[in-house]
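Letter by letter, the chains look like this.
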Amino acid sequence: MQSSAHASAFTAQTRLRDQSPLVRTLRRLAGNRSAQVGALIIGALLLVAIFADVIAPYEYDQQIRQPGLRRRSPPCIHLLGCDPQKPQVLMGLDSNFRDLFSRVVYGARLSLQIGFLTTGAAILIGTLLGAIAGYAGGWLDNFIMRLMDVLLAFPSLLLAIAIVSVLGPGLVNTLLAVAFVSIPVYARVVRSSVLSVKEMDYITASRALGASSARILFVRILPNALTPVIVVGTLGIATAILDAAGLSFLGLGAQPPTPEWGLMLGEERNSVFNAPHLVFFPGIAIMLTVLGFNLLGDGLRDALDPRRRA
Amino acid sequence: MFRFIVRRLLLLLPVVLGILIVTFVLVRLIPGDPCKVMLGERATEEKCRAFRERFGLNDAIPIQFIRYLSSLLQGDLGTSIKNGRPVADIVAERLPMTMELTLFAMLFAVSFGIALGVLSAAKHNTAIDVGAMVFANIGVSMPVFWLGLMLAYIFALALKDTPFQLPPSGRLAAGTDLPSLLKVWGLEDAQGLQRFVLLLLSNSVLLNSLIQGRFDVFFNALRHLILPSIAVGTISLAIIARMTRGAMLDALTQDYVRVARAKGLIERAVIFKHALRNALVPIVTIIGLQTGGLLSGAVLTETVFSLPGVGTQIVDAIIARDYPVVQAFTLLIAVIFVLVNLVVDVSYAYLDPRIRVS
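Starting from 1, residues in each chain are numbered consecutively following that chain's sequence as written. Each chain takes a letter, starting from A, and each ligand takes a number, starting from 1, following the order in which they are written. Two thresholds apply to this predicted model, a pLDDT of at least 70 for residue-level local features and 80 or more for giving and counting side-chain atom pairs, whereas whole-chain, interface and lining totals are computed over all residues.

Let's shift gears to the overall build of chain B. Per the convention used, a helix needs a DSSP run of H or I reaching at least four residues, while a strand needs a run of E reaching at least two, with both numbered from the N terminus. Tallying secondary structure elements over chain B gives 16 helices and zero strands in all. Counting only C-alpha atoms and orienting by the principal axes, one finds that chain B spans roughly 85 × 60 × 40 Å. Residue pairs qualify as contacts under a 7 Å threshold applied to their C-beta atoms, which are placed from the backbone. Taking all contacts inside chain B whose residues are at least 6 apart in sequence as the whole, residues at least 24 apart take part in 73%.

Let us look at the overall build of chain A. Helix and strand counts for chain A stand at 13 helices and zero strands. When the helices and strands of chain A are listed from N to C terminus, the series reads α-α-α-α-α-α-α-α-α-α-α-α-α. With the principal axes as the frame, chain A shows a C-alpha extent of 80 × 50 × 35 Å. Residue burial is a threshold on neighbouring C-beta atoms within 10 Å of the residue's own C-beta, all placed from the backbone, with 20 or more meaning buried, 12 or fewer meaning exposed, and counts in between meaning partly exposed. The buried share among the 310 residues of chain A stands at 47%. Considering only intrachain contacts with a sequence separation of at least 6, the fraction spanning at least 24 residues in chain A is 69%.

On to the interface of chain A and chain B, then. Listed per partner, the contact involves 32 residues of chain A and 38 residues of chain B. Per element, the largest residue contribution to the side of chain A that touches chain B is eight residues, and it comes from helix α13 (residues 277-304) of chain A. Only Asp, Glu, Lys and Arg are considered charged in this grouping, and only Ala, Val, Leu, Ile, Met, Phe, Trp, Tyr, Cys and Pro are considered nonpolar; every other residue, Gly among them, is considered polar. Among the residues making up the side of chain A that touches chain B, the classes are represented as 25 nonpolar, four polar and three charged.

In this section: helix α7 (residues 156-167) of chain A. Residue and element names in this part refer to chain A. Expected span, for any helix, means 1.5 Å times one less than how many residues it has. With twelve residues, α7 extends 16 Å from end C-alpha to end C-alpha; this agrees with the ideal 16 Å at 1.5 Å per step. Within α7, ten of the twelve residues are buried, which leaves the element mostly enclosed by the surrounding structure. Considered for burial, the residues of α7 that qualify are Ser 156, Leu 157, Leu 158, Leu 159, Ala 160, Ile 161, Ala 162, Ile 163, Val 164 and Ser 165. Phi turns positive one or two residues past the end of α7, at Gly 168, with a value near 100°.

One nonpolar core equals one set of buried Ala, Val, Leu, Ile, Met, Phe, Trp, Tyr and Cys residues connected by C-beta atoms within 7 Å. Membership of the largest hydrophobic core comes to 173 residues, with the highest contact counts inside it found for Ala 160, Ile 161, Tyr 186 and Ile 241 of chain A. For this core, the element with the highest residue contribution is helix α11 (residues 215-252) of chain B, accounting for 18 residues. Sequence-distant contacts of Tyr 186 of chain A, that is, excluding residues within four places in its chain, are made with Ala 122, Ile 123, Gly 126, Thr 127, Gly 130, Val 229 and Val 232 of chain A.

Another point: the packing of helix α5 (residues 87-122) of chain B against helix α15 (residues 323-351) of chain B. Residue and element names in this part refer to chain B. Axis definition: a line fitted to C-alpha atoms, limited for helices to the stretch in contact. Angles are taken between N-to-C directions and run from 0 to 180 degrees. Running from N to C, α5 and α15 point in directions that differ by 50°, and their axes come no closer than 10 Å. In terms of orientation, α5 and α15 fall into the oblique class. Relative to α15, the crossing made by α5 is right-handed. Here Val 87, Ile 90 and Val 91 of α5 lie close against α15, whose contacting residues are Pro 324, Val 325, Ala 328 and Leu 332. Of the residues assigned to the contact of α5 with α15, the class counts are seven nonpolar, no polar and no charged. Roughly parallel means an angle under 35 degrees; roughly antiparallel means over 145; roughly perpendicular covers 65 to 115; every other angle is labelled oblique. Throughout, a crossing is termed right-handed when the near helix is turned clockwise from the far one, and left-handed when it is turned anticlockwise from it by less than a right angle.

Residue and element names in this part refer to chain B. At a minimum axis distance of 10 Å, the contact between helix α1 (residues 2-28) and α15 shows a crossing angle of 160°. Judged by the angle between their axes, α1 and α15 are roughly antiparallel. In this structure, α1 crosses over α15, and the sense of that crossing is right-handed. In contact with Phe 4, Ile 5, Arg 8, Leu 12, Val 15, Val 16, Ile 19, Thr 23, Leu 26 and Val 27 of α1, α15 contributes Tyr 323, Gln 327, Thr 330, Leu 331, Ala 334, Val 335, Val 338, Leu 342, Asp 345, Val 346 and Ala 349.

Spelled out as structure tokens, the structure:
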């Protein structure tokens, strides 16, 4: 509720002065080529994910046995001159007679969920840890940040693999592992941001007025310290999707018949020479998604970074 | 400089201790009775008691940790549950492959990444710049394993019977035989560190073939490394290129560059001697941070190209629930990662003397 009060104060301010920071930032964002392309890709993906039931011609686990279709049939698109007698399959069939296009479409839903869920959880915990470390200082700061240093000493995917090996393979455990390994990044970012905000005059004023520590931290400092998290979080979604796909590719993440892009690649990797479409399309899907978040993150960074406001 | 390195090494101790605690705790967190996990569900109570006694599982956790540390310090990484072999032997067998792959991938990423970044900055806002950055953005977003599969398809099938054909899998062509150095030098009963080092050398196909003067094998192994190295290195290449471009653009606006140009230096000297030298600190930082990405990439890529390295071993060990092996390799990779970043820290001081003072 506090944050919505804050937001409405923000909009009121926006109405007062047309050149408010929010409007300026949004303008810069709208004029940024990376952000435009990124937002376009993510917007399209969101639509595909939301309307997956409508877009996909088949269920993701439905086997299609029709004359003219073999196991691992190549794509057949009527518009591109494929024999109209044959049933249309946009991306071909996989090794289990399933429509690859439908699976890729449903995969969008899953991958976006993976990205948002893991990054959301990591931001929540990382922000809390970083804020406490930055605000409290002293031994608590030292303890939390050294812990984060140790976690950062492991390459993230390998730590995730080790965690999954303890928890056991599966999609939920993969999400937990990927979220866990990204916590330190957010803790660091929030801590350094809190450190700079807490020296501001209005914080001293708040303290002089007798506000409690919790109120100062969560109402006065955090809302003003979260800008960098927006950028790192957007880029983090890309990393989370890549890591989760990697784990599924190795057979440690999502299990069949889940339409997870990494798993689809892993299952069909031996078909690369005789049915390359089975490897090509899921990979392109991962790449486009990751590219979208990377571009949007870059654009956000340019729009929010005061040093780049030339 | 020496004192600087010593200080950095001392600062590493708590981190390494933390890594040890994490790997130790990870294995202790495995749900269920370790006896049932390791001996199977039907192990009798009698056998379990003997098992706990043998592995000291009845002692307090801190005592177990100290014992773990002391055996580590003696070079004992434990024994594989799956096949009873010393984990140190498995490490010596698998590590060289992954190191070779990571090293070549890094070489590829650093050389092409810096070149692309410098070119992009020198031709700022031209078609070359835009093209290079579009390439970099796509490169950053590609899943390593997918790129590997696509490269295998292109170079092994699409370009078959052309001079560009490259092998899509394996370490060496089938039927190539490269005896172990232990056998060649008649040191099969070597023990301890000597055995470990000899195994490491033997299993590095590149070093072993050079030592034995088998250049045909050397070039064969090199050809097998090209596609995996490109697959592993491309993401880092793109990241390094972007970072180099940014740092170069910053450097090119500085006064010392204007001075260099004003005194009539040719553009090449301005870019390489003045701008690049000053842009190197952020570039080296990002290279160090990429090591983790490269090692992770190697793990995924080995699976694609069926290479007998750390990655395939870790995945096998996880599926077989071979915890000592998982533990040892996780520890090993974290330590390598930390050491590389130490080298990066030290190279700052070399590149920028101001850092040494502060």
